[in-house]
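# Architecture and fold: a report
For reference, the chains in residue letters:
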Amino acid sequence: MLPNVESIKQMRQKLGITQKKLANMTGVSTSMINQIESGRSQPSYETAKKIFENLSNLESRSSSHKAGDFCSQDIVKLKPSNTLHDAIKKMHELSISQIPVFDGKEIAGVVSEDGIVKHLADVGEAELKNAKLADTMDPVPPIVDFETPANVLVPLIRYSKCILVAKKSKIVGIITASDTLKMME
């Protein structure tokens, strides 16, 4: 899934490159970039993909921070056999809004406040205490390498409640929306 086409101009300006440079990098005309940015033209999927790949490559070269710099390495975990009630209690206790669910050493999914609210709307409060996470958790969140450039994280966190960080295929940290705010400091 690509970011929103409306973000092209903002990304380009943030990187400090001209429409002409982006056009040359992407293999389209400067006029086409201008039309896309002004909303007068919709790029094909392939053109949009090329634009975002080029912008992302430039952005990653300009970022010195890595995912490992921002992740919380103290990961709170639950099991698929835990109940939603267990998850809610732990979230309140620790003031967190999502918890990864692990089946042994393997990530099985994630439980989030949003997911709990949706489940509550579907089944009602009476079922809440006994509902197992295995039946109610959201899918596995994105997993990035410890060395992933930090600027790649913001678009990911927009579509996911959290991002897990791995080092040598082992989950070593978690990044939430509040962690991405640290990048702005």
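These remarks concern the structure in this document. (Residues numbered from 1 in each chain as written. Predicted model: local features only at pLDDT ≥ 70, side-chain atom pairs only at ≥ 80, totals over all residues. Heavy atoms only, no water.)

### So, helix H6 (residues 84–94)
How we decide: Only protein chains enter the accessibility calculation, which uses a 1.4 Å probe; a residue is then buried when its area is under 20% of its type maximum, exposed when over 50%, and partly exposed in between. Labels follow the DSSP assignment, with helices taken as runs of H or I lasting at least four residues and strands as runs of E lasting at least two, numbered in each case from the N terminus. Directions drawn from the helix axis to the C-beta atoms are what define this arc.
Those residues of H6 lying buried are Leu 84, Ala 87 and Met 91. Here the buried residues of H6 occupy an arc of 60 degrees about the axis, which is enough to place them on one side. With respect to the buried face of H6, the exposed residues turned more than 90 degrees away are Lys 89, His 92 and Glu 93. Positive phi shows up at Ser 95, right after H6, with a value of about 55 degrees.

### Here we look at the packing of aromatic side chains
Spelled out, the test is: Whether two aromatic rings pair depends on their centres lying within 6.5 Å, for rings of Phe, Tyr and Trp, where Trp uses its six-membered ring; planes under 30 degrees apart make the pair stacked, over 60 edge-to-face, and the rest tilted. Only when the NZ of Lys or the CZ of Arg is both within 6 Å of the ring centre and within 35 degrees of the ring normal is a charge said to sit over the ring.
In this structure the tally under the stated criterion is 0 aromatic pairs. In this structure, Lys 77 packs its charged tip against the face of Phe 102, placed 4.6 Å from the ring centre. Between Lys 167 and the ring centre of Phe 146, over which it is positioned, the NZ or CZ distance is 4.1 Å.

### Concerning the state of the cysteines
Operational definition: When two cysteine sulfur atoms are found within 2.5 Å, that pair is recorded as a disulfide.
Within this structure, the stated rule accounts for 0 disulfides. For Cys 71, which is in no disulfide, the shortest distance to another cysteine sulfur is to Cys 162 and amounts to 12 Å. Of the residues examined, Cys 162 reaches a relative accessible area of 1% and is grouped as buried.

### Overview of the sheet that holds strand E5 (residues 170–176)
Condition: A strand pair is defined by DSSP finding two or more bridges across the two strands. To get an axis, a line is fitted to the C-alpha atoms, and for a helix only the part in contact is used. The angle between two axes follows their N-to-C directions and goes from 0 to 180 degrees.
Taken in spatial order, the 3 strands line up as E3-E4-E5 in an open sheet, and their pairing is mixed. Only two strands of the sheet have a single neighbouring strand rather than two, namely strand E3 (143–145) and E5. Taking the axes of each pair of neighbouring strands and ignoring which way they run, one obtains an average angle of 35 degrees across the sheet. Across 6 bridges, strand E4 (residues 162–167) lies against E5 in antiparallel orientation. In the sheet register, Leu 164 faces E5, and the bridge partner there is Ile 174.

### Regarding the environment of Asp 74
Tracing the backbone through its elements, the reader meets Asp 74 in the loop between helix H5 (67–70) and H6. With relative accessibility at 68%, the residue Asp 74 sits in the exposed group. For Asp 74 and Lys 9, which are 65 residues apart along the polypeptide, the C-alpha to C-alpha distance reads 37 Å.

### Side note on the layout of surface pockets
Rule in force here: Here a cavity means grid points, on a 1 Å grid over the protein atoms only, where a 1.4 Å probe fits yet cannot get out; a pocket means an open set of points with protein on both sides within 12 Å along at least five of seven lines; lining residues are those with an atom within 4 Å of a point. Grid points are joined across faces, edges and corners, and a volume is the space filled by probe spheres set on the points. Each residue gets one label: Ala, Val, Leu, Ile, Met, Phe, Trp, Tyr, Cys and Pro are nonpolar, Asp, Glu, Lys and Arg are charged, and the others, such as Gly, are polar.
There is about 300 Å³ of room inside the second largest pocket. Lining of the second largest pocket is provided by 16 residues; of these, Ile 96, Ser 97, Gln 98, Ile 174 and Thr 176 occupy positions nearest its centre. Counting residues per element, the ones that place at least two in the lining of the second largest pocket are strand E1 (98–103), E5 and helix H11 (177–180). Sorting elements by how many residues they give to the lining of the second largest pocket places H11 first, with 3 residues. Residue classes in the lining of the second largest pocket are distributed as 7 nonpolar, 6 polar and 3 charged.

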